[in-house]
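# Results of the structural survey
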Amino acid sequence: MSVKVADHILERLRAWGVEQVFGYPGDGINGLLAAWGRAEDRPRFVQSRHEEMSAFEAVGYAKFGRRLGVCVATSGPGAVHLLNGLYDAKLDHVPVLAVVGQTDRSAMGGSYQQEVDLHTLFKDVASDFVETVTVPEQLPNVLDRAIRTAYARRCPTAVIVPGDVQELEYSPPPHAFKMVPSSLDRSAWTAMPSPTALERAAEVLNSGDRAAILIGQGAAGARAEVEEIAELLGAGVAKALLGKDALSDELPYVTGAIGLLGTRPSYELMRDCDTLLTIGSSFPYTQFLPEFGAVRAVQIDIDPHMVGMRYPYEVNLVGDARATLRELIPLIDKDRRGVSREWHDEISANVVRWNGVMDRRAALSADPVNPEYVARALDALLPDDAIVTADSGSVANWFARHLTMRGDMRASLSGTLATMGCGVPYAIGAKFAHPNRPVFALVGDGAMQMNGMAELITAAKYRHRWDDPRFVVGVWNNGDLNQVTWEMRAMGGAPSFLPSQSLPDVPYAEFARSIGLTGIRVERPEDVEAAWRAGLDAEGPVVLDFRTDPAVPPIPPHATWEQMEATAASVLKGDADRASVVKQGLKAKVQEFLPGTRKGKGAS
């Protein structure tokens with residue numbers, strides 16, 4: 001039997017180690033779907049409810065699996081639907097390949113049904129590599145290069161295959177003029193800065209007494225090295241949200257998240273330090289970094305395109321975080337431990353104080369349930385191998401502040417695009433990457449209505465393929481698009497505009513039960529912990545519908561300790577206008593730190 005181009009695409013994906021492809025069928029990829037049938041579903045085709053969800057699932061798979069995510073879509077509307085998920089991959093630097101169908105070559109240029117100029121459509125989101133396969137001999141080079149580029153540049157790439165090309169008999173490129181051969185091997189490589197640059201960086205870091213370290217997802221493979229240099233420098237370590245799982249929160253000098261969703265200790269760490277080391281982060285909100293010119297600073301990043309643009313760093317080290325730190329650590333003065341002891345103790349004391357504030361905020365009564373308590377209760381119950389996804393919205397505040405990373409936990413969200421609707425598909429992608437680990441999706445009701453409910457059907461469809469049955473979706477159900485509501489109040493001084501912010505009350509638990517999942521609605525604080533425990537004990541996916549109070553404000557980290565303590569004691573008293581907290585000096589603080597910005601979430 002002859003091998004068609006579509007057959008060879010799947011064969012080549014298998015050769016690259018691709019085990020899952022997330023997609024949705026359509027006639028623009030009928031040739032590929034037929035090939036999947038001949039290949040006995042290898043690699044496995046995972047059917048989402050919408051192509052955007054396919055892309056999100058590929059991103060979640062790539063983020064948590066630390067390998068290539070692949071999605072597939074038909075021509076026209078299918079290709080258009082991929083864009084939001086692919087932009088999420090682009091902005092968070094995640095390797096994803098999109099294989100997309102196209103109108104037959106004979107119809108192109110004829111305003112044919114579902115004909116879209118896919119090169120123009122993808123030229124930004126897949127700017128590192130997008131190409132159309134027009135003849136069989138072109139295929140291996142195009143597909144291999146798309147995969148190599150996705151890995152090397154940590155980006156989305158796109159391969160477009162017209163429908164008639166999928167059905168052609170495959171023939172490899174011959175040893176001939178204007179033919180481009182290809183190969184599968186992708187050897188490991190490590191980028192390293194020069195010895196001179198390392199010496200300059202060490203001189204900067206050795207010069208200070210109050211060191212601060214900021215880490216992002218680029219530090220994820222260098223946990224031991226980050227700990228070692230932090231202890232040598234006597235430094236505190238703040239984390240961009242994409243680096244939340246890069247270092248354990250059990251270390252006393254780890255101050256937690258930075259930014260508007262961050263902690264007071266991280267804010268003070270950046271405010272009061274005299275030396276800054278940034279590792280694997282492109283955190284964009286410079287207002288939360290030290291004042292320009294106030295500190296000496298060093299950056300480590302593997303991407304030369306991304307260095308030196310977030311802060312006026314004195315030394316920019318282009319290299320792999322782990323390898324670079326291994327060369328830098330021997331250059332740090334070993335007698336620094338005593339120099340920074342007072343600074344180290346102050347950082348640790350601030351972390352303890354912050355945790356006390358968070359405990360007290362979570363313990364306050366609310367109507368009906370305090371959203372902070374929902375996250376706080378989960379924190380103590382999370383297994384050490386848990387994977388946690390968070391959607392965009394006010395739930396990201398509680399994820400950032402109340403969940404502490406320990407053991408081998410993994411956690412992520414849409415850091416830079418900060419798109420709604422990624423929480424559940426991320427979790428599905430994570431579950432396919434790690435079918436033997438428990439997965440939790442933390443989602444607001446807005447995001448749940450946008451995408452999450454439909455993707456529960458996907459979870460129901462594939463639950464029997466997961467070795468560990470635990471797949472828990474927690475919904476913060478407050479009937480409000482809460483993050484934007486608080487932004488309107490705090491940044492614009494405007495009351496909530498109900499026609500835009502109010503959400504219909506949806507029975508999420510009942511919907512879950514209607515498709516064969518476990519669903520539990522929680523309307524009393526005393527039932528919160530039991531609900532999480534039930535989710536952990538269930539033999540399959542669970543939806544926990546927590547009815548939370550929309551009037552609990554996410555206090556900005558630059559509010560003073562006194563303001564935080566005062567609001568923790570007073571904000572949930574049942575005042576006629578519970579937003580009064582932002583009138584107590586916090587509104588001015590938010591405006592001061594967010595000039596001209598729309599959202600303060602995320603960042604890598």
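So, here is what we can say about the structure in this document. (Residues numbered from 1 in each chain as written. Predicted model: local features only at pLDDT ≥ 70, side-chain atom pairs only at ≥ 80, totals over all residues. Heavy atoms only, no water.)

## Some thoughts on the overall build of the protein chain
Counting its secondary structure elements, the protein chain contains 23 helices and 18 strands. The C-alpha radius of gyration computed for the protein chain amounts to 25 Å, which stays within 12% of the reference 25 Å derived for 604 residues, consistent with globular compactness. Taken across its 604 residues, the protein chain has 60% of its residues classed as buried. For the protein chain, contacts bridging at least 24 residues in sequence account for 76% of all contacts bridging at least 6. For the protein chain, the exposed surface amounts to about 22600 Å²; the carbon and sulfur share of it is 51%. Computed over 61 positive and 76 negative side-chain charges, the inter-centroid distance for the protein chain is 0 Å. (Helix = DSSP H or I, 4+ residues; strand = E, 2+ residues; numbered from the N terminus. Rg over C-alpha atoms; globule rule 2.2 N^0.38 Å. Buried < 20%, exposed > 50% of the residue type's maximum accessible area, 1.4 Å probe, protein only. Contact = heavy atoms within 4.5 Å. Areas by Shrake-Rupley, 256 points an atom, 1.4 Å probe, with all protein chains shown as cover. Lys, Arg positive; Asp, Glu negative; His and termini not counted. Charge placed at Lys NZ, Arg CZ, Asp CG, Glu CD.)

## With respect to the pairing of strand 6 (residues 156-162)
Extensive coverage of strand 6 is indicated by the burial of seven of its seven residues. Where strand 4 (residues 96-102) lies against strand 6, seven bridges are found, and the strand directions are parallel. Opposite V100, over in strand 6, you have I160 as the bridge partner. Of the strand pairs in this sheet, strand 5 (residues 130-132) and strand 6 are connected by three bridges, and their pairing is parallel. (Pairing = 2+ DSSP bridges.)

## Comments concerning the pattern of salt bridges
As enumerated under the stated definition, the model contains 29 salt bridges in all. Close ionic contact of K63 with D92 constitutes a salt bridge, the shortest N to O distance being 2.8 Å. Residue K63 is found in helix 3 (residues 51-65), and its partner D92 is found in helix 4 (residues 77-92); the two are separated by 29 residues along the sequence. The class for K63 is buried, based on a relative accessible area of 9%. Given a relative accessible area of 0%, D92 falls into the buried group. (Salt bridge = Lys/Arg side-chain N within 4 Å of Asp/Glu carboxyl O.)

## Topic: the sheet that holds strand 10 (residues 275-279)
Strand order in this open sheet of six strands is 9-8-7-10-11-12, and the pairing throughout is parallel. If you trace the sheet from one side to the other, it starts and ends with strand 9 (254-257) and strand 12 (315-318), each paired once. When strand polarity is set aside, the average angle formed by the axes of neighbouring strands in this sheet is 15°. As defined by bridge partners, strand 11 (residues 296-301) adjoins strand 12 across four bridges and the pair is classed as parallel. From the neighbouring strand, V298 faces strand 12, where its bridge partner is V315. On top of the sheet, helix 8 (residues 195-206) reaches strand 10, strand 11 and strand 12; it is set at about 135° to strand 12, its chief contact. (Axes fitted to C-alpha atoms, helices over the stretch in contact; angles between N-to-C directions.)

## Points about helix 1 (residues 5-15)
One turn of the α-helix equals 3.6 residues, which is why residues spaced by three or four share an orientation. Across the 11 residues that make up helix 1, a large majority, eight, are buried. Within helix 1, burial applies to V5, A6, D7, H8, I9, L10, R12 and L13. Buried residues in helix 1 make contact with strand 1 (20-23), helix 2 (30-38), strand 4, helix 6 (139-153), strand 6 and helix 7 (163-166). Two residues or fewer past helix 1, G17 is found with a positive phi of approximately 85°.

## Section: unusual backbone geometry
A cis amide bond links R42 to the next residue, P43, at an omega of -5°. Residue P368 is reached from D367 by a cis peptide bond, and omega for that bond is 0°. By the element assignment, P368 lies in the loop between helix 13 (341-363) and helix 14 (371-381). You will see that R66, though not glycine, has its phi angle at about 50°, which is positive. Within the element layout of this structure, R66 appears in the loop between helix 3 and strand 3 (69-73). Its identity is not glycine, yet R154 carries a phi of approximately 50°, on the positive side. Take R154: it is sitting in the loop between helix 6 and strand 6.

## Remarks on the pairing of strand 8 (residues 236-239)
Neither face of strand 8 is exposed, since G236 and A238 on one face and V237 and K239 on the opposite face are all buried. Note on the crossover from strand 7 (residues 211-215) through helix 9 (residues 223-233) to strand 8: the handedness is right-handed. For strand 8 and strand 9, the ladder comprises three bridges, and the chain directions are parallel. For K239, the partnering residue across the bridge sits in strand 9 and is A257. (Right-handed = clockwise from strand over helix to strand, strands pointing away.)

## Observations regarding the packing of aromatic side chains
In total, this model carries 14 aromatic pairs according to the counting rule given. A centroid spacing of 5.7 Å and a plane angle of 75° characterise the contact between F283 and Y285, whose relative ring orientation is edge-to-face. Note on F283: relative accessible area 2%, which makes it buried. When the ring centre of F399 is taken as reference, the NZ or CZ atom of K244 above it lies at 5.3 Å. (Phe/Tyr/Trp six-rings, centres within 6.5 Å; stacked < 30°, edge-to-face > 60°. Lys NZ or Arg CZ within 6 Å of the ring centre and 35° of its normal.)

## Notes on the packing of helix 14 against helix 15 (residues 394-402)
For the pair helix 14 and helix 15, the least separation of the axes is 9 Å and the interaxial angle reads 40°. Judged by the angle between their axes, helix 14 and helix 15 are oblique. Crossing handedness for the pair helix 14 and helix 15: right-handed. Together, P371, E372, A375, R376 and D379 of helix 14 and W398, R401 and H402 of helix 15 make up the contact between the two elements. (Parallel < 35°, antiparallel > 145°, perpendicular 65-115°, else oblique. Left-handed = near helix turned anticlockwise from the far one by under 90°.)

## Concerning the side chain of T458
With respect to the helices and strands, the residue T458 is situated in helix 17 (residues 445-462). For T458, a relative accessible area of 0% puts it in the buried group. Not counting chain neighbours up to four residues away, the residues in contact with T458 comprise Q47, S48, R49, E57 and I428.

## Observations regarding the sheet that holds strand 15 (residues 439-444)
Read from one edge of the open sheet, six strands run 14-13-15-16-18-17, paired in parallel fashion. Sheet topology places strand 14 (410-413) and strand 17 (518-522) at the edges, where each strand pairs with a single neighbour. Direction aside, neighbouring strands of the sheet carry axes that sit 15° apart on average. Relative to strand 15, strand 13 (residues 387-390) is paired through four bridges, and the arrangement is parallel. Bridge assignment links A390 to a residue of strand 15, and that residue is L442. Against the sheet, helix 3 engages strand 13 and strand 14, with an angle of about 145° to strand 14. Seen against the sheet, helix 21 (residues 528-537) touches strand 15, strand 16 (471-477), strand 17 and strand 18 (541-547) and runs at an angle of roughly 170° to strand 18.

## Concerning the environment of R406
Along the polypeptide, R406 turns up in the loop between helix 15 and strand 14. Considering only alpha carbons, one finds R406 and A246, 160 residues apart in sequence, at a separation of 10.0 Å. Beyond its immediate sequence surroundings of up to four residues, R406 is in contact with S248, E250, D379, A380, L382 and D384. A polar contact is formed between the side chain of R406 and the backbone oxygen of D379, at a distance of 2.8 Å. (Polar contact = N/O pair within 3.5 Å; in protein donor to acceptor, adjacent residues only side chain to side chain.)

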